[in-house]
Amino acid sequence: MSNLVDRIPVARPWLGGNEESYVLDCVRSSWISSQGKYIGMFETAFAALAGARYAASCCNGTVALHLALLALGIGPGDEVIMPSLTYIATANAARYCGARPVFVDSEPDTWNMDPRLIKEAITERTRAVIPVHLYGQPCDMRTIDRVATAHGLKVLEDAAEAHGALCNGKPVGSLGDIAAFSFFGNKIITCGEGGMVTTDDESLWRKVVQLKSQGVDPERRYWFPIVGYNYRMTNIEAAIGLAQVEKAEFHMAERRRIASLYDRELTGIGELQLPTTRAWADNVFWMYSVVLRDECSVGRDAVIDRMAADGVETRPFFYPIHTLPPYAQENASTYLPVAEKLGARGMNLPTFSGMTEEQVVRVCTSLKSAIRGS
Ligand SMILES: *Cc1c(COP(=O)(O)O)cnc(C)c1O
């Protein structure tokens, strides 16, 4: 029977606002490349959402991290502290700069980088720390900022998964020196592919703008004083992004609604660890996630397979990056027990604007059967 029921995807973009009319406007006016009015409009609107003075668009979130690290002056020989339990892009961006990612373990309940472990990872080569607001959960930025300030480290927020999340009432994207966002198709706000760097620092913003445009001199056309990149966003992508930001409140409310439905359905199940949100945090639940406790005798991958057979798509948590081939050798003696356990036992459940209560219930019914092997 199950294959007769609609498959529930883990994510799906909601494009019910002005996306269509703005894109049509790009096509009809022929402004389809990386110039055009939507780019500036999107940057201004997004800066407001992130609570930052400046925003610079770019072609994806990985590039946003790369630009941010370059603007901070990170280069060969530098070390950058980050969680191991994150998407590979966080580490790759440091590698692109010739820097070495230094991985720290996660908190067992919030699944974010444990801020108490940063200090012992600092060496004389450490230049920056990248807190990642994992799965929509904001990091403890107060503690991270305190450690960073004490040791002269720059703070780059990887906010790719947390548009609109708040830390002590302040939006992520405005809590460090600089921040990076992604607008990939499965993110809370999407352009298809796209990224944004936000900062309150005008000189960092100017560096990012120059670097993403081949390093061109802002005062002199076709004069290139430095080697830059073509990392620009198109007007079409910005048109979609602007329409998405116009509906930001709706998207945040949808995430909260879906998370509370999951809480209602899953609270009290002994086999499952549900998301923990600190009193000062506003989690935006990019993906509502669960971790299978030791009490659960069925393995995580078996649960994923069983749910797929029910037509429910889920995702495993990230493999901790220190265990992935490009980084495993230099981390051969690294043991991060919490990240490794979460990576093996965690899974992301479908979460998207427009998801119905009936769909959440179906996901939970499937999950409950799967963890009991029934
Ligand atoms: C999605 C994501 C990125 C990269 O974004 P892309 O737009 O896919 O390049 C970076 N960091 C994290 C934590 C992400 O989830």
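In this report, we go over the structure that sits alongside the text. All values reported here derive from a predicted model rather than from experimental measurement. Every chain begins its residue count from 1, and numbering advances along the sequence as written. With pLDDT at 70 or above as the cut-off, local features in this predicted model cover only qualifying residues; side-chain atom pairs require 80 or more to be listed or tallied, and sums for whole chains, interfaces and linings still use all residues. Think of the side-chain values as coming from all heavy atoms in the structure, minus any hydrogens and water.

## A look at the site of the ligand
Here is step 1: As a structural note, the neighbourhood of the ligand is formed by 15 residues, with G61, T62, E161, S182 and K187 the closest of them.
Here is step 2: The contact in question runs from an oxygen atom of the ligand to an N or O atom on the side chain of K187, over 3.1 Å.
Here is step 3: In this description, accessible areas are obtained by the Shrake-Rupley approach with a 1.4 Å probe, and a residue is regarded as covered only by the protein chains that are shown. Calculation on the ligand without its partners gives an accessible area of 380 Å², and the protein chains cover 93% of this total.
Here is step 4: Secondary structure elements are defined from DSSP: runs of H or I of at least 4 residues count as helices, runs of E of at least 2 residues count as strands, and each element is numbered from the N terminus. Those elements that provide at least two residues to the shell around the ligand are helix 3 (61–71) and helix 4 (88–96). Think of it this way: one heavy atom of a residue within 4 Å of a molecule or strand is enough to make that residue near it. For the purposes of these results, a polar contact is taken to be a pair of N or O atoms within 3.5 Å, where, inside protein, one atom must be able to donate a hydrogen and its partner to accept one; residues adjacent in sequence count only when each atom of the pair is a side-chain atom.

## Observations regarding the packing of helix 1 (residues 19–29) against helix 8 (residues 235–246)
Here is step 1: Axes here mean lines fitted to C-alpha atoms, for a helix over just the part in contact, with angles spanning 0 to 180 degrees between N-to-C directions. In the contact formed by helix 1 and helix 8, the axes pass within 8 Å of each other and the chain directions differ by 155°. Here helix 8 runs roughly antiparallel to helix 1, going by the angle between their axes. Helix 8 is crossed by helix 1, and the crossing has right-handed handedness. Between helix 1, through E19, Y22, V23 and C26, and helix 8, the contact on the second element is made entirely by N235, I236, A239, I240, L242, A243, Q244 and E246.
Here is step 2: When residue character is reported, Ala, Val, Leu, Ile, Met, Phe, Trp, Tyr, Cys and Pro are called nonpolar, Asp, Glu, Lys and Arg charged, and the others, Gly included, polar. Taken together, the residues that form the contact of helix 1 with helix 8 break down as 8 nonpolar, 2 polar and 2 charged. An angle below 35 degrees is treated as roughly parallel, one above 145 as roughly antiparallel, one from 65 to 115 as roughly perpendicular, and anything else as oblique. The hand of a helix crossing depends on one turn: near helix anticlockwise from the far one by less than a right angle means left-handed, and clockwise means right-handed. Any pair of residues with heavy atoms lying within 4.5 Å of one another is described as a contacting pair.

## Here we look at the packing of helix 9 (residues 248–266) against helix 13 (residues 357–371)
Here is step 1: At a minimum axis separation of 10 Å, helix 9 and helix 13 run at an interaxial angle of 40°. The pairing of helix 9 with helix 13 is recorded here as oblique in orientation. Read as a crossing pair, helix 9 and helix 13 show a hand that is right-handed. Counted together, R257, I258, L261, Y262, R264, E265 and L266 of helix 9 and E357, V360, V361, V363, C364, L367 and K368 of helix 13 form the full contact between these two elements.

## Topic: the sheet that holds strand 11 (residues 281–282)
Here is step 1: Pairing is antiparallel across the open sheet formed by 3 strands, whose spatial order is 7-6-11. Where the open sheet ends on each side, the last strands, each with one partner, are strand 7 (170–171) and strand 11.
Here is step 2: The pairing of strand 6 (residues 166–167) with strand 7 spans 2 bridges and is antiparallel. Looking at strand 7, one finds that L166 is bridged to P171. In this description, strands pair whenever DSSP reports at least two bridges between them.

That is the geometry; function is a separate question.
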